[in-house]
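Single-letter residue listing:
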Amino acid sequence: MSHSDKDHPKLAEQFNADEPRVDWHDETLWWVRVKRDKAARSIPEWEQLRETASRIKNNVLANLSEYLIQFEEQATRNGITVHWAKDGKEHNAIVLGLLQKHGIDRMVKSKSMLTEECHLNDYLQQHGIEVIDTDLGERIVQMRKEPPSHIVLPAIHLKKQDVSDTFHEHLQTEKGNNDPQFLTQAARIHLREKFLTRRAALTGVNFAVAETGEFVVCTNEGNADMGAHLADIHIASMGFEKIIPQRRHLSVFLRLLARSATGQPITTYSSHFKKPRKGAEMHIVLVDNGRSTQLGRKDFRNSLKCIRCGACFNTCPVYRRSGGHSYHTAIAGPIGSILAPNLDMRKYADLPFASTLCGSCSNVCPVKIDIHDQLYKWRQVLMKEGYGSTIKKMGMKGMTFTLSHPGFYQFAGKAGRWAMKAAPFIINNKLNPWYKQRDMPSPPKESFGEWYKKNRK
Amino acid sequence: MSNRDQILQTIKNNQPATASPLPDIDFPPDVSKPACDKFIEALAGIGGASHLVKDYEAINAIIKTAYPQAKRIVTTCAALPAGEHLSADADPHALDNVDLAVITAHFAVAENAALWVTEDIVQQRALPFITQQLAVIVKKEDILNNMHQAYQRIGAEDYGFGTFIAGPSKTADIEQSLVLGAHGPKTMCVFILSGK
Ligand code: SF4
């Protein structure tokens, strides 16, 4: 699906056409955020863990080239073949080359946002290779010819009747049977056949350890493992910033990742791939695709610390009410809005404005990325670089307001953070400028100021 | 210059010059509750079941009654008489009809109910994923407190493949309703061997 002529406000408006669905989307993601809070609170040293993770990642950024060389050395020693790709095109060509070398024209793939970023599926299809996404959410959106709308919850924009209709069409499931258990079972049978018959599997990478040359893939479904352990060739695609220095550092990241993502104490599977299986091949493709440029941008390099947990999506009032597709880029949400303009300022000039700068994203980020500050800085860069007119043309009502009233948002952010703890319903409704702009709810019985005065004690 | 060298050179030029020393990882374990109790609680929270047992005989007895439907039972635990023992050379595709796999774990982690399993003890990497149901045996004294202790225990161990398994395979991709048994095991049960 191409959104090339669309910008965030227009696409958000489309998403908002179905109001009950938007409400559901908003509430469901908020519920995930609440689960995250509960998981975080169960760990007394949570803040110290975040600080530690952030400092490990700072160390990674400062020594990235050295760690990558070390990783390559170790992985090669382990029998893994390491490839380097400077952009998405090269990455795709490497994958295609490996498949062609083995005479393979069908592949299973587990979740990898990098391959979304590189548009691998389209490319392989054009070259006669069939790719089956095996993460349930990704398989659903793949059947519907849609991109994922969330990095952790790819089909969060859909309701169960949508999934039921899609499966009825593609898997001939009983029409109108919307039971998630039934639908999941149908997908299990459908995908098991694929796992058993495909000779190549591609997975993403959550962490790669410089010290040992191993990489870790986390899933709940077990699809990365089902694919990789049954295939003759396992290709792992990885943005080079996924590197961490030592194996023991995994303890910090594995404690943070799932708790931040879904509130689980850990994903069901955290698989450490160190050597290829006997008789099988293992390849890893290290991809740049703009990352080295971002590394050179002092104000934005911290975005490379991201571990793709999705917490900043779930907490973001704009994301929750505009949906992932309104960001027209592979990685949506607050972090995507920082990463995308690095790749193409003109095309993604709208995204840093898709935020209230309330700061909630920065507060939940497990590696302490200053997300909302970076969004603010991107706005200034984009104006200075002459994209002001592009932005204005988009007719962003809310945005012009943001630009002329930065103080308001700073205030709203602070108050919002406080209120979110005390009374989340206020954020979800009256204080959320997105909500206001959309449908002008009936005015609150007392203004926020009055309410605040009365309730602050 | 090759691609690789070019990428590495740009990274080197662009990486921050400020030194950022690695932090200490020093998190004291939470000892408010015995590790075993915490593990059982955490496992229940992620959809797993547990049995405290005193020996392998007890495990055998439970397997016989708890999995009456299981036709093909595979075990990689030498001490267990029930079940077919697996060879490392078997074709993993042939495991598709395994109803129950009984494996051992090196250790368990109380904070998240994860069990550490490596290739050498499962024989076949695919086994704990492809089986319809999974049972894991762990010694009670091998239940560690948190993930930091876990990696201390793993240390510099060499393995081809290792994985933390925490509960049955699951998904919530359809309207966030939790369904157990996505692609892997639909149930998971842990036998905690107490030795007494
Ligand atoms: S920026 Fe932080 S919160 Fe957002 S996905 Fe990345 S790690 Fe998670």
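Residues numbered from 1 in each chain as written. Chains lettered and ligands numbered in written order. Predicted model: local features only at pLDDT ≥ 70, side-chain atom pairs only at ≥ 80, totals over all residues. Heavy atoms only, no water.

### Quick notes on the overall build of chain B
Keep this limit in mind: Secondary structure elements are taken from DSSP: a helix is a run of H or I of four residues or more, a strand is a run of E of two residues or more, and numbering for both begins at the N terminus. Type-normalised accessible area, obtained with a 1.4 Å probe on protein chains alone, sets the label of each residue: buried when under 20%, exposed when over 50%, and partly exposed for intermediate values. We call two residues contacting when some pair of their heavy atoms lies within 4.5 Å. Accessible surface is estimated by sampling points in the Shrake-Rupley manner with a 1.4 Å probe; for residues, cover comes only from the protein chains shown. Residues scored as positive are Lys and Arg, those scored as negative are Asp and Glu, and His as well as the terminal groups of each chain are ignored. Where a charge lies is defined by one atom per residue type, namely NZ (Lys), CZ (Arg), CG (Asp) and CD (Glu).
Helix and strand content of chain B: six helices and twelve strands. Going through the 196 residues of chain B one by one, you find that 55% of them count as buried. Contacts in chain B between residues far apart in sequence, at least 24 positions, make up 73% of those at least 6 positions apart. When the accessible surface of chain B is totalled, it reaches about 8100 Å², and 52% of it is carbon and sulfur. Each charge sign in chain B was given a centre, from 15 positive and 22 negative side chains, and these centres are 4 Å apart.

### As for the site of the ligand
Filter applied, for reference: A single heavy atom is enough: if one lies within 4 Å of a molecule or strand, its residue is considered near that molecule or strand. Amino acids are sorted into nonpolar (Ala, Val, Leu, Ile, Met, Phe, Trp, Tyr, Cys and Pro), charged (Asp, Glu, Lys and Arg) and polar (every other residue, Gly among them).
Inspection of the region around the ligand gives 13 residues, with Cys-306, Cys-309, Gly-310, Cys-312 and Cys-365 of chain A positioned closest. Considered class by class, the residues forming the shell around the ligand number eleven nonpolar, one polar and one charged.

### Here we look at the sheet that holds strand β5 (residues 207-209) of chain A
Filter applied, for reference: Pairing between strands is defined by DSSP: at least two bridges between them are needed. What counts as an axis is a line fitted to C-alpha atoms, over the stretch in contact for a helix, and the angles between N-to-C directions run from 0 to 180 degrees.
One open sheet holds the eight strands; their spatial order is β8(A)-β5(A)-β6(A)-β9(A)-β9(B)-β6(B)-β5(B)-β8(B), and the pairing between them is mixed. Taken across any chain shown, the strands that pair with only one partner, and hence form the sheet edges, are β8 (243-244) of chain A together with β8 (143-144) of chain B. Here β5 of chain A runs beside β8 of chain A; their pairing, made up of two bridges, is parallel. Looking across to β8 of chain A, one finds that Ala-208 of chain A is bridged to Ile-243 of chain A. Packing against the sheet, helix α12 (residues 250-261) of chain A makes contact with β5, β6 (215-219), β8 and β9 (269-273) of chain A together with β9 (161-165) of chain B, and its axis sits at approximately 175° to β5 of chain A.

### Section: the nonpolar core
Our working definition: As used in this record, nonpolar core signifies buried Ala, Val, Leu, Ile, Met, Phe, Trp, Tyr and Cys residues forming a set joined through side-chain atoms within 4.5 Å.
Counting 148 residues, the largest nonpolar core has Phe-215 and Ile-243 of chain A together with Phe-39 and Phe-164 of chain B as its most contacted members. The dominant element in this core, judged by the number of residues it contributes, is α12 of chain A, at seven residues. Not counting residues within four places of it along the chain, the set of residues in contact with Ile-243 of chain A comprises Lys-57, Val-60, Leu-64, Tyr-67, Leu-68, Phe-71, Ala-208, Ala-210 and Met-238 of chain A. Counting 21 residues, the second-largest nonpolar core is a separate cluster that includes Leu-96, Met-107, Cys-118 and Val-287 of chain A.

### What about the confidence of the model for chain B?
Note the following rule: Residue-level confidence of the predictor, termed pLDDT, takes values from 0 up to 100.
Mean pLDDT over chain B: 94, with 99% of residues reaching 70 or higher. Predicted complex, confidence summary: ipTM 0.97, pTM 0.90.

### Digging into the interface of chain A and chain B
The line we're drawing: Summed over both partners, the accessible area (1.4 Å probe) lost when two parts come together is defined as the buried area. Put simply, a salt bridge is a Lys or Arg side-chain nitrogen that is within 4 Å of an Asp or Glu carboxyl oxygen. Here a polar contact is taken to be a pair of N or O atoms separated by no more than 3.5 Å, where protein atoms must pair a possible hydrogen donor with a possible acceptor and residues adjacent in sequence count only if both atoms sit in side chains.
Between chain A and chain B, the residue contacts involve 94 residues of the former and 71 residues of the latter. Summed over both partners, the interface of chain A with chain B buries about 6800 Å², with 58% contributed by carbon and sulfur atoms. There are nine salt bridges connecting chain A and chain B. One salt bridge connects Asp-158 of chain B with Lys-274 of chain A, and the closest N-O pair in it is separated by 2.4 Å. Across the contact surface, chain A and chain B share 49 residue pairs in polar contact (both at pLDDT 80 or more).

### Considering the packing of aromatic side chains
Defined as follows: Stacked, edge-to-face and tilted labels apply to pairs of Phe, Tyr and Trp rings (six-membered ring for Trp) whose centres lie within 6.5 Å, assigned for plane angles under 30 degrees, over 60, and everything in between, in that order.
Within this structure, the stated rule accounts for twelve aromatic pairs over all chains. For the ring pair Phe-273 of chain A and Phe-161 of chain B, a centre distance of 5.1 Å and an interplane angle of 55° mean the geometry is tilted. Of this pair, Phe-273 of chain A sits in strand β9 while Phe-161 of chain B sits in strand β9, on two different chains. Considered together, Phe-273 of chain A and Phe-161 of chain B belong to a single accessibility category, that of buried residues.

### Concerning the pattern of salt bridges
All names here are of chain A. For the structure on display, the rule yields 39 salt bridges over all chains. Taking the shortest distance from any N to any O, the salt bridge between Asp-37 and Arg-33 comes out at 3.0 Å. In this pair, Asp-37 and Arg-33 both sit in helix α2 (residues 19-41), four residues apart, roughly one turn of the helix. The same class applies to Asp-37 and to Arg-33, which are both buried. Two residues, Asp-135 and Lys-111, come together in a salt bridge whose shortest N-O distance is 3.8 Å. In this pair, Asp-135 is assigned in the loop between β3 (130-133) and α8 (136-143) and Lys-111 in the loop between β2 (106-109) and α6 (113-117), connecting sequence segments 24 residues apart. For Lys-111, a relative accessible area of 26% translates into the label partly exposed.

### Regarding unusual backbone geometry
Although it is not a glycine, Arg-308 of chain A sits at a positive phi angle of roughly 55°. Mapped onto the elements, Arg-308 of chain A comes out in the loop between α13 (291-296) and α14 (311-315). One non-glycine residue, Glu-175 of chain B, lies in the positive phi region at around 50°. On the secondary structure map, Glu-175 of chain B appears in the loop between β10 (170-171) and β11 (179-180).

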